[in-house]
Amino acid sequence: MATHATTQVFAPNKVIGSFHPPKRILMGPGPSEIHPRVLAASSAPSMGYLDPVFVGMMDEIKQLIRYAYQTKNQLTFPLSGPGSVGMESSFVNMVEPGDAVIVMRNGVFGGRMVENVQRSGGKAIVIDDPWGSPCDPNKLREALQANPSVRTVGFVHAETSTGAESDAKTLTGIAHEFGALVICDAVTSLAGVPLLVDEWAIDAVYSGSQKCLSCVPGLSPVSYSDAVIDRVKARKDKAQVQSWFMDLNLVLDYWGETARTYHHTAPINSLFALHESLVMLQEESLEQSWARHRLHHEAFKAGIEAMGLKFLVHPDYRLPQMNAVNVPESFEPGVEAQLRKRLLADYSMEIGAGLGPLAGKIWRFGLMGQSCSRANVMSCLGALTCELPEFGVHVKMGDAEQAALNVYNKAAQHQA
Ligand SMILES: *Cc1c(COP(=O)(O)O)cnc(C)c1O
(Lines give C-alpha, C1' and ligand atoms only; values in the text may rest on other atoms or scores of the structure.)
Protein backbone atom coordinates (compact mmCIF):
# COMPACT_ATOMS: atom_id res chain seq x y z
CA MET A 1 0.00 0.00 0.00
CA ALA A 2 1.23 3.48 -0.81
CA THR A 3 1.40 5.83 2.14
CA HIS A 4 0.03 8.96 0.48
CA ALA A 5 -1.76 10.00 3.63
CA THR A 6 1.49 10.77 5.41
CA THR A 7 3.19 12.60 2.53
CA GLN A 8 3.94 16.21 3.43
CA VAL A 9 3.48 18.91 0.79
CA PHE A 10 4.25 22.57 1.14
CA ALA A 11 1.75 25.17 0.02
CA PRO A 12 2.67 28.69 -1.05
CA ASN A 13 2.53 31.23 1.77
CA LYS A 14 -0.56 32.74 0.25
CA VAL A 15 -2.95 31.73 -2.48
CA ILE A 16 -1.68 33.24 -5.72
CA GLY A 17 -4.25 34.27 -8.30
CA SER A 18 -3.94 34.53 -12.08
CA PHE A 19 -1.55 37.09 -13.50
CA HIS A 20 -3.10 39.87 -15.56
CA PRO A 21 -0.42 42.08 -17.09
CA PRO A 22 -1.37 45.71 -17.75
CA LYS A 23 -1.33 46.85 -21.35
CA ARG A 24 1.91 48.69 -22.06
CA ILE A 25 3.08 50.96 -24.84
CA LEU A 26 6.44 49.35 -25.54
CA MET A 27 8.96 51.91 -26.76
CA GLY A 28 12.12 50.46 -25.31
CA PRO A 29 14.91 48.41 -26.88
CA GLY A 30 12.64 45.34 -27.15
CA PRO A 31 10.43 43.50 -26.64
CA SER A 32 8.12 45.35 -28.99
CA GLU A 33 4.33 45.21 -29.13
CA ILE A 34 2.70 42.09 -30.51
CA HIS A 35 -0.13 42.20 -33.04
CA PRO A 36 -3.37 40.46 -31.97
CA ARG A 37 -3.04 38.15 -34.98
CA VAL A 38 0.29 36.90 -33.65
CA LEU A 39 -1.06 36.49 -30.11
CA ALA A 40 -4.07 34.63 -31.49
CA ALA A 41 -1.83 32.29 -33.45
CA SER A 42 0.14 31.41 -30.33
CA SER A 43 -3.03 30.53 -28.41
CA ALA A 44 -4.05 27.77 -30.85
CA PRO A 45 -4.09 24.23 -29.41
CA SER A 46 -0.65 22.75 -29.15
CA MET A 47 0.49 19.73 -31.16
CA GLY A 48 3.37 17.31 -31.43
CA TYR A 49 6.71 18.52 -32.69
CA LEU A 50 6.77 15.74 -35.31
CA ASP A 51 3.11 16.10 -36.30
CA PRO A 52 3.09 16.26 -40.11
CA VAL A 53 0.94 19.41 -40.02
CA PHE A 54 3.47 21.06 -37.74
CA VAL A 55 6.38 19.91 -39.87
CA GLY A 56 4.70 21.51 -42.88
CA MET A 57 4.52 24.79 -40.96
CA MET A 58 8.21 24.49 -40.05
CA ASP A 59 9.04 24.39 -43.76
CA GLU A 60 7.01 27.55 -44.31
CA ILE A 61 8.79 29.28 -41.43
CA LYS A 62 12.13 28.47 -43.04
CA GLN A 63 10.97 29.95 -46.34
CA LEU A 64 9.63 33.06 -44.64
CA ILE A 65 12.88 33.60 -42.72
CA ARG A 66 14.78 33.25 -46.00
CA TYR A 67 12.63 36.07 -47.36
CA ALA A 68 13.24 38.25 -44.28
CA TYR A 69 16.99 37.74 -44.58
CA GLN A 70 16.97 37.83 -48.42
CA THR A 71 18.90 34.59 -48.61
CA LYS A 72 18.71 31.25 -50.34
CA ASN A 73 20.77 29.60 -47.59
CA GLN A 74 19.34 26.16 -46.99
CA LEU A 75 20.34 26.25 -43.33
CA THR A 76 17.87 28.94 -42.26
CA PHE A 77 15.61 28.28 -39.27
CA PRO A 78 14.63 29.57 -35.81
CA LEU A 79 16.71 28.42 -32.86
CA SER A 80 14.79 27.76 -29.65
CA GLY A 81 15.90 30.61 -27.45
CA PRO A 82 16.30 34.38 -27.46
CA GLY A 83 18.71 36.36 -29.64
CA SER A 84 21.51 35.49 -27.22
CA VAL A 85 21.15 31.86 -28.26
CA GLY A 86 21.65 32.85 -31.89
CA MET A 87 24.82 34.64 -30.86
CA GLU A 88 26.13 31.80 -28.72
CA SER A 89 25.24 29.16 -31.29
CA SER A 90 27.16 31.01 -33.99
CA PHE A 91 30.29 31.29 -31.87
CA VAL A 92 30.32 27.81 -30.32
CA ASN A 93 29.90 26.21 -33.72
CA MET A 94 32.30 28.36 -35.72
CA VAL A 95 35.09 28.98 -33.22
CA GLU A 96 37.45 26.17 -32.32
CA PRO A 97 39.77 26.22 -29.32
CA GLY A 98 42.82 28.32 -30.13
CA ASP A 99 41.17 30.22 -33.00
CA ALA A 100 41.96 33.92 -33.36
CA VAL A 101 38.72 35.85 -33.82
CA ILE A 102 38.33 39.56 -34.53
CA VAL A 103 35.42 41.21 -32.73
CA MET A 104 34.36 44.74 -33.61
CA ARG A 105 33.05 46.33 -30.40
CA ASN A 106 31.09 49.60 -30.33
CA GLY A 107 28.54 48.80 -27.65
CA VAL A 108 27.17 46.21 -25.24
CA PHE A 109 26.51 43.47 -27.75
CA GLY A 110 29.96 43.56 -29.32
CA GLY A 111 31.22 43.10 -25.77
CA ARG A 112 29.12 39.97 -25.43
CA MET A 113 30.66 38.62 -28.63
CA VAL A 114 34.08 38.93 -26.99
CA GLU A 115 32.87 36.82 -24.06
CA ASN A 116 31.47 34.26 -26.46
CA VAL A 117 34.81 33.94 -28.25
CA GLN A 118 36.64 33.46 -24.96
CA ARG A 119 34.16 30.90 -23.66
CA SER A 120 34.49 29.00 -26.94
CA GLY A 121 38.21 28.71 -26.30
CA GLY A 122 39.15 31.29 -28.91
CA LYS A 123 41.44 34.28 -28.65
CA ALA A 124 39.57 37.55 -29.16
CA ILE A 125 41.26 40.38 -31.01
CA VAL A 126 39.08 43.32 -30.08
CA ILE A 127 38.68 46.41 -32.24
CA ASP A 128 37.05 49.19 -30.26
CA ASP A 129 35.10 52.09 -31.64
CA PRO A 130 33.36 54.79 -29.60
CA TRP A 131 29.87 53.98 -28.35
CA GLY A 132 27.50 55.74 -30.73
CA SER A 133 29.82 55.38 -33.74
CA PRO A 134 29.79 52.56 -36.30
CA CYS A 135 32.52 49.92 -36.55
CA ASP A 136 35.40 51.33 -38.59
CA PRO A 137 36.15 49.24 -41.73
CA ASN A 138 39.71 50.63 -41.95
CA LYS A 139 40.50 49.29 -38.50
CA LEU A 140 39.20 45.88 -39.57
CA ARG A 141 41.47 45.86 -42.60
CA GLU A 142 44.49 46.79 -40.50
CA ALA A 143 43.70 44.12 -37.93
CA LEU A 144 43.32 41.46 -40.61
CA GLN A 145 46.62 42.50 -42.19
CA ALA A 146 48.32 42.24 -38.80
CA ASN A 147 46.67 38.90 -37.93
CA PRO A 148 46.57 36.70 -41.03
CA SER A 149 45.52 33.59 -39.08
CA VAL A 150 42.09 35.06 -38.24
CA ARG A 151 39.29 32.82 -39.58
CA THR A 152 36.29 34.66 -38.13
CA VAL A 153 35.11 38.26 -37.76
CA GLY A 154 32.16 39.21 -35.55
CA PHE A 155 30.26 42.49 -35.61
CA VAL A 156 26.86 43.90 -34.69
CA HIS A 157 24.88 45.36 -37.58
CA ALA A 158 22.54 47.41 -35.39
CA GLU A 159 23.97 48.21 -31.92
CA THR A 160 20.87 48.41 -29.77
CA SER A 161 22.80 49.89 -26.85
CA THR A 162 23.63 53.03 -28.83
CA GLY A 163 21.40 53.18 -31.93
CA ALA A 164 24.33 53.09 -34.38
CA GLU A 165 24.29 51.11 -37.63
CA SER A 166 27.48 49.60 -39.01
CA ASP A 167 28.18 48.96 -42.69
CA ALA A 168 27.64 45.20 -42.74
CA LYS A 169 28.27 44.94 -46.48
CA THR A 170 31.68 46.64 -46.37
CA LEU A 171 32.81 44.82 -43.22
CA THR A 172 31.87 41.47 -44.76
CA GLY A 173 33.68 42.30 -48.00
CA ILE A 174 36.89 43.11 -46.14
CA ALA A 175 36.71 39.95 -44.04
CA HIS A 176 36.32 37.89 -47.22
CA GLU A 177 39.35 39.53 -48.84
CA PHE A 178 41.34 37.90 -46.06
CA GLY A 179 39.53 34.57 -46.20
CA ALA A 180 37.65 35.03 -42.92
CA LEU A 181 33.98 34.22 -42.34
CA VAL A 182 31.71 36.77 -40.64
CA ILE A 183 29.21 36.43 -37.83
CA CYS A 184 26.69 39.28 -38.09
CA ASP A 185 24.35 40.19 -35.22
CA ALA A 186 21.08 41.27 -36.86
CA VAL A 187 18.90 41.08 -33.76
CA THR A 188 17.69 44.66 -34.03
CA SER A 189 18.32 45.22 -37.75
CA LEU A 190 16.16 42.44 -39.24
CA ALA A 191 13.03 43.98 -40.85
CA GLY A 192 13.95 47.45 -39.53
CA VAL A 193 16.70 48.44 -41.97
CA PRO A 194 17.93 46.84 -45.22
CA LEU A 195 19.81 43.59 -44.62
CA LEU A 196 20.69 41.60 -47.74
CA VAL A 197 22.37 38.43 -46.55
CA ASP A 198 23.11 36.88 -49.95
CA GLU A 199 23.98 40.08 -51.80
CA TRP A 200 26.37 41.09 -49.03
CA ALA A 201 27.56 37.46 -48.70
CA ILE A 202 27.16 37.35 -44.91
CA ASP A 203 28.18 33.89 -43.68
CA ALA A 204 26.39 33.59 -40.33
CA VAL A 205 23.55 35.82 -39.20
CA TYR A 206 21.20 35.67 -36.23
CA SER A 207 18.27 37.72 -34.98
CA GLY A 208 15.56 37.74 -32.32
CA SER A 209 11.81 37.36 -32.58
CA GLN A 210 10.86 40.24 -30.27
CA LYS A 211 12.42 43.27 -31.92
CA CYS A 212 11.36 44.41 -35.42
CA LEU A 213 9.57 41.11 -36.10
CA SER A 214 7.24 41.96 -33.19
CA CYS A 215 6.75 38.36 -32.18
CA VAL A 216 6.78 36.75 -28.74
CA PRO A 217 10.30 36.68 -27.27
CA GLY A 218 12.28 33.47 -27.18
CA LEU A 219 13.10 32.56 -30.78
CA SER A 220 16.23 33.33 -32.77
CA PRO A 221 16.01 33.10 -36.56
CA VAL A 222 19.43 32.20 -37.95
CA SER A 223 20.91 31.62 -41.38
CA TYR A 224 24.21 29.92 -42.13
CA SER A 225 25.94 29.69 -45.50
CA ASP A 226 27.46 26.54 -46.97
CA ALA A 227 30.89 27.79 -45.88
CA VAL A 228 29.68 27.74 -42.27
CA ILE A 229 28.24 24.25 -42.64
CA ASP A 230 31.54 23.04 -44.13
CA ARG A 231 33.43 24.50 -41.21
CA VAL A 232 31.14 22.92 -38.62
CA LYS A 233 31.22 19.54 -40.36
CA ALA A 234 35.01 19.65 -40.57
CA ARG A 235 35.35 19.96 -36.79
CA LYS A 236 33.04 17.07 -36.07
CA ASP A 237 35.63 14.60 -34.87
CA LYS A 238 38.65 16.66 -33.92
CA ALA A 239 36.97 19.35 -31.85
CA GLN A 240 33.42 18.57 -30.87
CA VAL A 241 31.18 21.59 -30.25
CA GLN A 242 31.17 21.88 -26.46
CA SER A 243 27.45 22.70 -26.28
CA TRP A 244 25.25 19.66 -26.87
CA PHE A 245 22.12 21.81 -27.25
CA MET A 246 23.63 24.16 -29.82
CA ASP A 247 25.75 21.73 -31.85
CA LEU A 248 24.44 22.34 -35.38
CA ASN A 249 25.40 18.79 -36.37
CA LEU A 250 22.68 17.60 -33.98
CA VAL A 251 20.11 20.38 -34.35
CA LEU A 252 19.98 19.59 -38.06
CA ASP A 253 18.44 16.22 -37.30
CA TYR A 254 15.30 18.18 -36.45
CA TRP A 255 15.48 21.34 -38.59
CA GLY A 256 17.34 19.89 -41.60
CA GLU A 257 15.85 19.24 -45.01
CA THR A 258 15.50 15.49 -44.75
CA ALA A 259 14.29 13.07 -42.10
CA ARG A 260 13.13 14.76 -38.90
CA THR A 261 14.01 13.19 -35.59
CA TYR A 262 13.74 14.34 -32.02
CA HIS A 263 16.40 16.75 -30.82
CA HIS A 264 14.55 18.87 -28.24
CA THR A 265 10.91 19.79 -27.82
CA ALA A 266 10.37 22.77 -30.08
CA PRO A 267 8.49 25.74 -28.53
CA ILE A 268 5.43 24.83 -30.58
CA ASN A 269 3.13 27.72 -29.74
CA SER A 270 5.86 30.33 -30.02
CA LEU A 271 6.58 28.96 -33.49
CA PHE A 272 2.89 29.41 -34.41
CA ALA A 273 3.39 33.05 -33.43
CA LEU A 274 6.61 33.39 -35.41
CA HIS A 275 4.92 31.99 -38.49
CA GLU A 276 2.17 34.60 -38.22
CA SER A 277 4.57 37.50 -37.64
CA LEU A 278 6.57 36.44 -40.70
CA VAL A 279 3.36 36.14 -42.75
CA MET A 280 2.57 39.71 -41.69
CA LEU A 281 6.03 40.85 -42.76
CA GLN A 282 5.51 39.20 -46.13
CA GLU A 283 2.11 40.92 -46.49
CA GLU A 284 3.60 44.31 -45.70
CA SER A 285 6.77 43.56 -47.70
CA LEU A 286 10.31 44.14 -46.51
CA GLU A 287 10.62 47.39 -48.44
CA GLN A 288 7.47 48.77 -46.81
CA SER A 289 8.64 47.66 -43.38
CA TRP A 290 11.96 49.48 -43.86
CA ALA A 291 10.10 52.58 -45.15
CA ARG A 292 7.68 52.53 -42.20
CA HIS A 293 10.54 52.43 -39.71
CA ARG A 294 12.20 55.32 -41.55
CA LEU A 295 9.04 57.45 -41.67
CA HIS A 296 8.14 57.14 -37.99
CA HIS A 297 11.74 57.77 -37.01
CA GLU A 298 11.74 60.99 -39.07
CA ALA A 299 8.55 62.17 -37.38
CA PHE A 300 9.84 61.23 -33.92
CA LYS A 301 13.15 62.93 -34.59
CA ALA A 302 11.42 66.14 -35.67
CA GLY A 303 9.44 66.14 -32.43
CA ILE A 304 12.43 65.36 -30.22
CA GLU A 305 14.49 68.11 -31.85
CA ALA A 306 11.60 70.58 -31.55
CA MET A 307 11.87 70.04 -27.79
CA GLY A 308 15.55 70.95 -27.93
CA LEU A 309 16.72 67.38 -27.24
CA LYS A 310 19.64 65.88 -29.17
CA PHE A 311 20.43 62.47 -30.60
CA LEU A 312 23.54 60.55 -29.56
CA VAL A 313 24.27 59.18 -33.03
CA HIS A 314 25.20 61.13 -36.17
CA PRO A 315 22.38 61.03 -38.77
CA ASP A 316 24.59 59.22 -41.31
CA TYR A 317 24.48 56.02 -39.29
CA ARG A 318 21.50 56.49 -36.99
CA LEU A 319 19.12 53.53 -36.76
CA PRO A 320 15.46 54.46 -37.30
CA GLN A 321 14.23 51.72 -34.97
CA MET A 322 16.51 52.59 -32.03
CA ASN A 323 16.58 56.24 -31.03
CA ALA A 324 19.22 57.14 -28.45
CA VAL A 325 18.48 60.63 -27.13
CA ASN A 326 20.87 62.47 -24.83
CA VAL A 327 19.56 63.17 -21.34
CA PRO A 328 19.74 66.99 -20.91
CA GLU A 329 22.94 68.05 -19.17
CA SER A 330 20.90 69.90 -16.57
CA PHE A 331 19.69 66.56 -15.14
CA GLU A 332 21.31 65.55 -11.85
CA PRO A 333 22.47 61.91 -11.69
CA GLY A 334 19.55 59.55 -11.16
CA VAL A 335 16.88 62.03 -12.18
CA GLU A 336 16.47 60.63 -15.67
CA ALA A 337 15.22 57.38 -14.12
CA GLN A 338 12.38 59.34 -12.51
CA LEU A 339 11.16 60.39 -15.94
CA ARG A 340 11.17 56.77 -17.11
CA LYS A 341 9.26 55.75 -13.98
CA ARG A 342 6.75 58.52 -14.57
CA LEU A 343 6.13 57.41 -18.15
CA LEU A 344 5.56 53.83 -16.98
CA ALA A 345 3.30 54.75 -14.06
CA ASP A 346 1.22 57.49 -15.67
CA TYR A 347 1.28 56.60 -19.36
CA SER A 348 1.92 52.82 -19.18
CA MET A 349 4.79 53.56 -21.55
CA GLU A 350 8.15 51.80 -21.41
CA ILE A 351 11.29 53.46 -22.73
CA GLY A 352 14.85 52.21 -22.32
CA ALA A 353 17.74 53.41 -20.20
CA GLY A 354 21.37 53.73 -21.22
CA LEU A 355 23.70 50.79 -20.60
CA GLY A 356 27.33 50.66 -19.43
CA PRO A 357 29.14 53.94 -20.01
CA LEU A 358 25.90 55.44 -21.36
CA ALA A 359 23.88 54.63 -18.20
CA GLY A 360 22.20 57.84 -17.03
CA LYS A 361 23.34 59.65 -20.18
CA ILE A 362 20.78 58.56 -22.78
CA TRP A 363 17.21 57.40 -23.14
CA ARG A 364 16.55 54.72 -25.72
CA PHE A 365 13.28 55.03 -27.62
CA GLY A 366 12.50 51.92 -29.62
CA LEU A 367 10.33 52.17 -32.71
CA MET A 368 10.37 48.51 -33.64
CA GLY A 369 7.82 46.39 -35.47
CA GLN A 370 4.28 46.97 -34.19
CA SER A 371 5.61 49.59 -31.77
CA CYS A 372 6.67 51.64 -34.77
CA SER A 373 3.44 53.55 -35.37
CA ARG A 374 2.13 57.07 -35.65
CA ALA A 375 0.02 56.51 -32.54
CA ASN A 376 3.09 55.65 -30.47
CA VAL A 377 5.20 58.49 -31.87
CA MET A 378 2.48 61.01 -31.01
CA SER A 379 1.76 59.48 -27.58
CA CYS A 380 5.41 59.54 -26.67
CA LEU A 381 5.96 63.11 -27.83
CA GLY A 382 2.83 64.15 -25.98
CA ALA A 383 3.93 62.43 -22.78
CA LEU A 384 7.38 64.02 -22.96
CA THR A 385 5.82 67.44 -23.62
CA CYS A 386 3.70 67.04 -20.49
CA GLU A 387 6.43 65.71 -18.21
CA LEU A 388 9.69 67.40 -19.24
CA PRO A 389 8.73 70.83 -17.82
CA GLU A 390 8.52 69.22 -14.38
CA PHE A 391 12.16 68.27 -14.83
CA GLY A 392 13.15 71.82 -15.71
CA VAL A 393 13.16 71.43 -19.50
CA HIS A 394 11.24 74.20 -21.21
CA VAL A 395 9.00 72.88 -23.93
CA LYS A 396 5.98 74.55 -25.46
CA MET A 397 2.76 72.57 -25.68
CA GLY A 398 2.19 71.36 -29.21
CA ASP A 399 5.60 72.15 -30.70
CA ALA A 400 6.82 68.57 -30.84
CA GLU A 401 3.52 67.22 -32.11
CA GLN A 402 3.36 69.91 -34.82
CA ALA A 403 6.89 69.11 -35.97
CA ALA A 404 6.05 65.41 -36.20
CA LEU A 405 2.76 66.13 -37.92
CA ASN A 406 4.57 68.19 -40.56
CA VAL A 407 6.68 65.15 -41.40
CA TYR A 408 3.59 62.96 -41.72
CA ASN A 409 1.76 65.51 -43.84
CA LYS A 410 4.71 65.94 -46.15
CA ALA A 411 5.00 62.17 -46.58
CA ALA A 412 1.26 61.93 -47.33
CA GLN A 413 1.51 64.67 -49.98
CA HIS A 414 4.42 62.84 -51.49
CA GLN A 415 2.32 59.69 -51.73
CA ALA A 416 -0.80 61.36 -53.13
C1 LIG B 1 18.47 42.23 -27.90
C2 LIG B 1 19.78 41.97 -28.54
C3 LIG B 1 20.51 40.78 -28.35
C4 LIG B 1 20.07 39.73 -27.39
O5 LIG B 1 18.81 39.24 -27.69
P6 LIG B 1 17.96 38.53 -26.53
O7 LIG B 1 16.73 38.12 -27.24
O8 LIG B 1 17.74 39.58 -25.48
O9 LIG B 1 18.75 37.41 -26.02
C10 LIG B 1 21.69 40.61 -29.04
N11 LIG B 1 22.16 41.55 -29.87
C12 LIG B 1 21.52 42.71 -30.07
C13 LIG B 1 22.09 43.71 -31.01
C14 LIG B 1 20.32 42.95 -29.41
O15 LIG B 1 19.67 44.10 -29.61
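Residues numbered from 1 in each chain as written. Predicted model: local features only at pLDDT ≥ 70, side-chain atom pairs only at ≥ 80, totals over all residues. Heavy atoms only, no water.

A. Inspection of the nonpolar core at higher detail. Ranked by internal contacts, the top residues of the largest apolar core, which has 94 residues, are Phe54, Ile102, Leu140, Val153, Ile202, Leu271 and Leu274. If near-sequence neighbours (up to four positions away) are discounted, Leu271 is found in contact with Phe54, Met57, Ile61, Pro78, Leu219, Trp255 and Ala266. Within the second largest apolar cluster, 31 residues are counted, among which are Phe311, Phe365, Leu367 and Leu388. (Core = buried A, V, L, I, M, F, W, Y, C linked by side-chain atoms within 4.5 Å. Buried < 20%, exposed > 50% of the residue type's maximum accessible area, 1.4 Å probe, protein only. Contact = heavy atoms within 4.5 Å.)

B. Region of interest: the site of the ligand. Within the structure, the ligand sits among Pro82, Gly83, Ser84, Phe109, Val156, Ala158, Thr160, Asp185, Val187, Thr188, Gln210 and Lys211. Within the side chain of Asp185, an N or O atom sits 2.7 Å from a nitrogen atom of the ligand. Gln210 has a polar side-chain atom sitting 2.8 Å from an oxygen atom of the ligand. With the chains in place, 89% of the 380 Å² that the ligand exposes on its own is no longer accessible. Its residues assigned to classes, the shell around the ligand shows five nonpolar, five polar and two charged. (Near = heavy atom within 4 Å. Polar contact = N/O pair within 3.5 Å; in protein donor to acceptor, adjacent residues only side chain to side chain. Areas by Shrake-Rupley, 256 points an atom, 1.4 Å probe, with all protein chains shown as cover. Nonpolar A, V, L, I, M, F, W, Y, C, P; charged D, E, K, R; others polar.)

C. The domain arrangement of the protein chain, seen in detail. Domain assignment breaks the protein chain into domain 1 (36-283) and domain 2 (285-415). Measuring from the centre of the C-alpha atoms in domain 1 to the corresponding centre in domain 2 gives 29 Å. Where domain 1 meets domain 2, there are zero salt bridges. One can count 10 residue pairs in polar contact (both at pLDDT 80 or more) joining domain 1 with domain 2. Top contributing element to the side of domain 1 that touches domain 2 by residue count: helix H9 (residues 268-284), with four residues. Counted by class, the side of domain 1 that touches domain 2 contains 15 nonpolar, 12 polar and four charged residues. (Domains from an automatic or database assignment. Salt bridge = Lys/Arg side-chain N within 4 Å of Asp/Glu carboxyl O. Helix = DSSP H or I, 4+ residues; strand = E, 2+ residues; numbered from the N terminus.)

D. A look at helix H13 (residues 399-415). Compared with an ideal rise of 1.5 Å per residue, which puts 17 residues at 24 Å, H13 spans 25 Å between its outermost C-alpha atoms and is within 8% of the ideal. Regarding H13, the residues found buried are Ala400, Ala403, Ala404 and Tyr408. The buried residues of H13 occupy an angular sector of 135° when projected down its axis, which confines them to one face. Of the exposed residues in H13, those oriented more than 90 degrees away from the buried face are Lys410 and Gln413. Buried residues along H13 sit in contact with helix H10 (286-306) and helix H12 (374-387). (Expected span 1.5 Å × (residues − 1). Arc of directions from axis to C-beta.)

E. Spotlight on the pattern of salt bridges. Scanning the entire structure with this criterion turns up 16 salt bridges. The salt bridge involving Arg151 is made with Asp99; its shortest N-O contact spans 3.2 Å. Residue Arg151 is located in the loop between helix H5 (137-146) and strand E5 (152-156), and its partner Asp99 is located in the loop between helix H3 (83-94) and strand E3 (100-105); the two are separated by 52 residues in the primary sequence. By relative accessible area, which is 28% here, Arg151 ends up partly exposed. Judged by relative accessible area, which is 13%, Asp99 ranks as buried. Of the charged contacts in the structure, one is a salt bridge between Glu298 and Lys301, with a shortest N-O distance of 3.8 Å. A residue pair is termed a helical-turn pair when its members lie 3 or 4 positions apart in one helix, as Glu298 and Lys301 do in helix H10 at three residues.

F. Structural detail: the environment of Phe272. Within the secondary structure, Phe272 is located in helix H9. Taking the C-alpha atoms as reference points, Phe272 and Val156, separated by 116 residues in sequence, lie 28 Å from one another.

G. Looking closely at the packing of helix H2 (residues 52-69) against H9. At their nearest, the axes of H2 and H9 sit 9 Å apart, and the two run at 45° to each other. With respect to their mutual orientation, H2 and H9 come out oblique. Crossing of H2 over H9 shows left-handed handedness. In this structure, H2 uses Phe54, Met57, Glu60, Ile61, Leu64, Ile65, Tyr67 and Ala68 to contact H9, whose residues at the interface are Ile268, Leu271, Phe272, Leu274, His275, Leu278, Val279, Leu281 and Gln282. Classifying every residue of the contact of H2 with H9 by side-chain character gives 14 nonpolar, two polar and one charged. (Axes fitted to C-alpha atoms, helices over the stretch in contact; angles between N-to-C directions. Parallel < 35°, antiparallel > 145°, perpendicular 65-115°, else oblique. Left-handed = near helix turned anticlockwise from the far one by under 90°.)

H. Local environment of the sheet that holds strand E12 (residues 349-353). One open sheet holds the four strands; their spatial order is E1-E12-E13-E11, and the pairing between them is mixed. Looking at strand neighbours, the two that pair on one side only are strand E1 (25-27) and strand E11 (322-326), the edges of this open sheet. On average, each strand axis in the sheet is inclined to that of its neighbour by 30°, with strand direction left out of account. In the sheet, E1 pairs with E12 via three bridges, with the strands oriented parallel. (Pairing = 2+ DSSP bridges.)

I. Examining the pairing of E3 more closely. Taking burial as the measure, the six residues of E3 include five buried ones, the bulk of the element. As judged from the six bridges shared by E3 and strand E4 (residues 123-128), these two strands associate in the parallel manner. Within the sheet, the bridge partner assigned to Met104 lies in E4 and is Ile127. You can see the chain leave E3, run along helix H4 (residues 108-119) and come back into E4, and the turn it takes is right-handed. Relative to E5, E3 runs parallel, the two sharing three bridges. (Right-handed = clockwise from strand over helix to strand, strands pointing away.)

J. Region of the structure containing the sheet that holds E3. If you trace the seven strands from one edge of the open sheet to the other, you get E2-E10-E9-E8-E5-E3-E4, paired in mixed fashion. In this open sheet, the two edge strands, each paired with only one partner strand, are strand E2 (75-80) and E4. Adjacent strand axes in the sheet meet at a mean angle of 20° when their direction is disregarded. In this sheet, strand E8 (residues 181-185) lies alongside E5 in parallel orientation, the contact comprising five bridges. From the neighbouring strand, Phe155 faces E8, where its bridge partner is Cys184. Packed onto the sheet, helix H6 (residues 168-177) meets E3, E5 and E8 and runs at close to 170° relative to E5.

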